[in-house]
Structure formats: C-alpha cells, structure tokens
Amino acid sequence: MKIRKFNKNNTSILLQNKLDIFQNPIVRNTSKPFSGDILPTVNKLELFANNIQDLVTSEFEKLAQTKTQNSLILSISSEYGLGKTSFIDRWGSRLINEDNIALKFDAWKFDHSDQPAISFFYTMNEQLSLYKNQETKDQINKIIKLAPAIITVIEISAAISHPWAIPFISSFRKAVKKYQKKTADNKVNLNKFVKSLSSLASKSKNKTIYFFIDELDRCNPIFAIKLMEIIKHIFHASGVVFVLTLNQKALEATIRKIYGLNCEQSSEYLERFFDFQL
C-alpha cells in the first residue's frame, strides 16, 4: 500500500490514505462508493451491506447481554469473478467515509509465504497506524507493540483446528490449556492484545472494527486454513468483525484432497470457523 505524505493539518490526505486500502477501479466515487453505472445492482449491494451491519449490531448486543467477549466471523461465498472484491471495496470505503475503522488484507498477495501471521500482522499494523489520533493512539500503540509476541501464542492455538485433531479435540484442548498455564507471559500478552482491540473498537463510530479478508479462495489452501485458524483463535475481541470472501465449495474440495476428508467432514471443518455464512 502506497502511503502518501501526511501533514497533521491535512485530514483529506489521511482520509485518502485510508481509502487507498480499498483500491478498486470500479469504485470511481470514493465519497459515494455505492454509486455507479449499474445502479440497480449497486443499490442491492448497499442494502446487503446495511443488512450485514444490522446483523452485526444485533449479535454484539446479544453478546453484551451475556457478558461474552467474542468477535464475529462472517463468510461471503460465491463462485469466482462474481464481484466479492468490488462489494467489500465499496463497503469498506463507505465505512471509512462514515468515520469507522475498516482494514483489508489481500490474502492472495501473501500466499507464497508459509507464515500468514507475519504478513497479516504487518498489514494490520501498517493500516491501523492511519487511524491514530488523540483518542485512539494508546490502544493502537499497544496493539502494534504486542503483535510480535502474539506469534508464539498462534503456534499453540492454531494447532487446535488441524483436521487430524478433530477426533481428539476435547483432550487436545485440555493439553493446550495446561501448556498455556506454563506460558503465562504469552497468555497475558494475548489478553492485553484482545482488550486493546476491544477498547479500540469502542472508539469507532459504530463501535466496531471491520477486517476484510479478500481473495481467500485463490490462496494456497494451507495458507488459507492457517490464516482462518489465527482469526478464530487469536482475535476473539468484542467489537471485532471479520468478513472473509471465498468460494467455499472450491475450498472444501481442496481440503478433501489434502487431508483425506469426506464431503461432510470438510464442510463441518470449515463451518467451525464461521459464525455466519452469507
């Protein structure tokens, strides 16, 4: 992402830097992203975004009533080339224009790596720095500082979701918990990280941070699965929403080939990652 030179007095440049996260030639009017030549279709897309945001608000209200700290993970699944990227670029641009926090990770750009955590945290830190102001700088600085320490926690948490662990998941979780007790510092860092994310989300206009994960269906499936494991087990912070775009049928087929699962197992395996499938 190209960051323009920032002058503290020039808020328009800072806004443009944020909008550059959602670069897309289709989104010609970044001040009104849900406008364009195909108006009926775009209107439907805007309504779709509104409905998702209403769903998110409702779910977080339910979680708050039960005092449950958790993020939400949504998947948007369709076949290749049907406009998933265009949709989230429009939606993300609108969220930014409404003074909300919206981040984007183009997974396909980084799937040559076998360590998605490093590229994801680097991208997150770079984009979060654009949202620093007097009100948010303490939370953002904490998140950026803690990010490297979270890598060690990922090695433990991600293992829970490996397909070979499915039959032994209960006993495996107990083993993980015992190990985490021995690594108290890592657990403390993770708790601080989650609290900082929740605190930052509370300062957003709609009390939510939106992470858009794009092009997941085009990635190396091992990379895609590792990334989903990180999202599921690390970012369980209230007010944090992940929106993943993918072709679920294609990803399930690849998982079956790699891990030797049947149709039902591969479907159940992926469903464990998502709170809502759209």
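Cut-offs applied
- Residues numbered from 1 in each chain as written.
- Predicted model: local features only at pLDDT ≥ 70, side-chain atom pairs only at ≥ 80, totals over all residues.
- Heavy atoms only, no water.
- Salt bridge = Lys/Arg side-chain N within 4 Å of Asp/Glu carboxyl O.
- Helix = DSSP H or I, 4+ residues; strand = E, 2+ residues; numbered from the N terminus.
- Buried < 20%, exposed > 50% of the residue type's maximum accessible area, 1.4 Å probe, protein only.
- Axes fitted to C-alpha atoms, helices over the stretch in contact; angles between N-to-C directions.
- Parallel < 35°, antiparallel > 145°, perpendicular 65-115°, else oblique.
- Left-handed = near helix turned anticlockwise from the far one by under 90°.
- Contact = heavy atoms within 4.5 Å.
- Nonpolar A, V, L, I, M, F, W, Y, C, P; charged D, E, K, R; others polar.
- Core = buried A, V, L, I, M, F, W, Y, C linked by side-chain atoms within 4.5 Å.
- Pairing = 2+ DSSP bridges.
- Phe/Tyr/Trp six-rings, centres within 6.5 Å; stacked < 30°, edge-to-face > 60°.
- Lys NZ or Arg CZ within 6 Å of the ring centre and 35° of its normal.

Undergrad: Describe the pattern of salt bridges, listing the residues and the values that go with them.
TA: Evaluated as defined, the whole model comprises 5 salt bridges. Between Lys 62 and Glu 59 there is a salt bridge whose closest N-O contact spans 3.3 Å. Pair noted here: Lys 62 and Glu 59 are both in helix α2 (residues 39–65), with a separation of 3 residues, about one helical turn. Residue Lys 62 is classed as partly exposed on the basis of its relative accessible area, which comes to 47%. A relative accessible area of 17% means that Glu 59 is categorised as buried.

Undergrad: How would you summarise the packing of helix α9 (residues 248–259) against helix α10 (residues 263–271) if you had to cite specific residues and measurements?
TA: Taken N-terminus to C-terminus, the directions of α9 and α10 make an angle of 120°; their axes are 9 Å apart at the nearest point. By the angle between their axes, α9 is oblique relative to α10. Remark: the crossing between α9 and α10 carries right-handed chirality. Packed against α9, whose contacting residues are Gln 248, Leu 251, Glu 252, Ile 255 and Arg 256, the element α10 presents Cys 263, Ser 266, Ser 267, Tyr 269, Leu 270 and Glu 271 at the interface. Tallied by class, the residues present in the contact of α9 with α10 amount to 5 nonpolar, 3 polar and 3 charged.

Undergrad: Tell me about the nonpolar core, residues and numbers included.
TA: Ranked by internal contacts, the top residues of the largest apolar core, which has 71 residues, are Trp 91, Phe 193, Ile 213, Phe 235, Phe 242 and Leu 244. Discounting chain neighbours no more than four positions away, the residues touching Phe 193 are Phe 121, Met 124, Ile 143, Leu 146, Ile 150, Ile 234 and Phe 235.

Undergrad: Describe the sheet that holds strand β5 (residues 276–277), naming the residues involved and giving the relevant values.
TA: Here we have 5 strands laid out as an open sheet, ordered β2-β3-β4-β1-β5, and parallel in their pairing. The two strands at the open ends of the sheet, each matched to only one other strand, are β2 (101–106) and β5. In terms of strand pairing, β2 meets strand β3 (residues 209–214) through 6 bridges, oriented parallel. Residue Lys 104 lies in a different strand from β3, and its bridge partner there is Phe 212. Each of β1 (72–77), β2, β3 and β4 (240–246) touches helix α3 (residues 84–97); the most contacted strand, β3, lies at about 160° to it.

Undergrad: Run through the packing of aromatic side chains, naming residues and quoting values.
TA: Counted under the stated rule, the structure contains 18 aromatic pairs. Both rings, one in Phe 87 and one in Trp 91, keep their centres 5.6 Å apart while their planes meet at 35°; by these two values the pair is tilted. In this pair, Phe 87 and Trp 91 are both assigned in helix α3, 4 residues apart and thus about one turn of the helix distant. Given the relative accessible area of 0%, Trp 91 is considered buried. Ring centres of Phe 211 and Phe 242 lie 4.7 Å apart, and the angle between their planes is 20°; this geometry places the pair in the stacked category. You can see Phe 211 sitting in strand β3 and its partner Phe 242 sitting in strand β4, a full 31 residues away along the chain. An identical accessibility class is assigned to Phe 211 and Phe 242; each is buried. Positioned above the aromatic ring of Trp 108, the side-chain terminus of Arg 218 is 5.5 Å from the ring centre.

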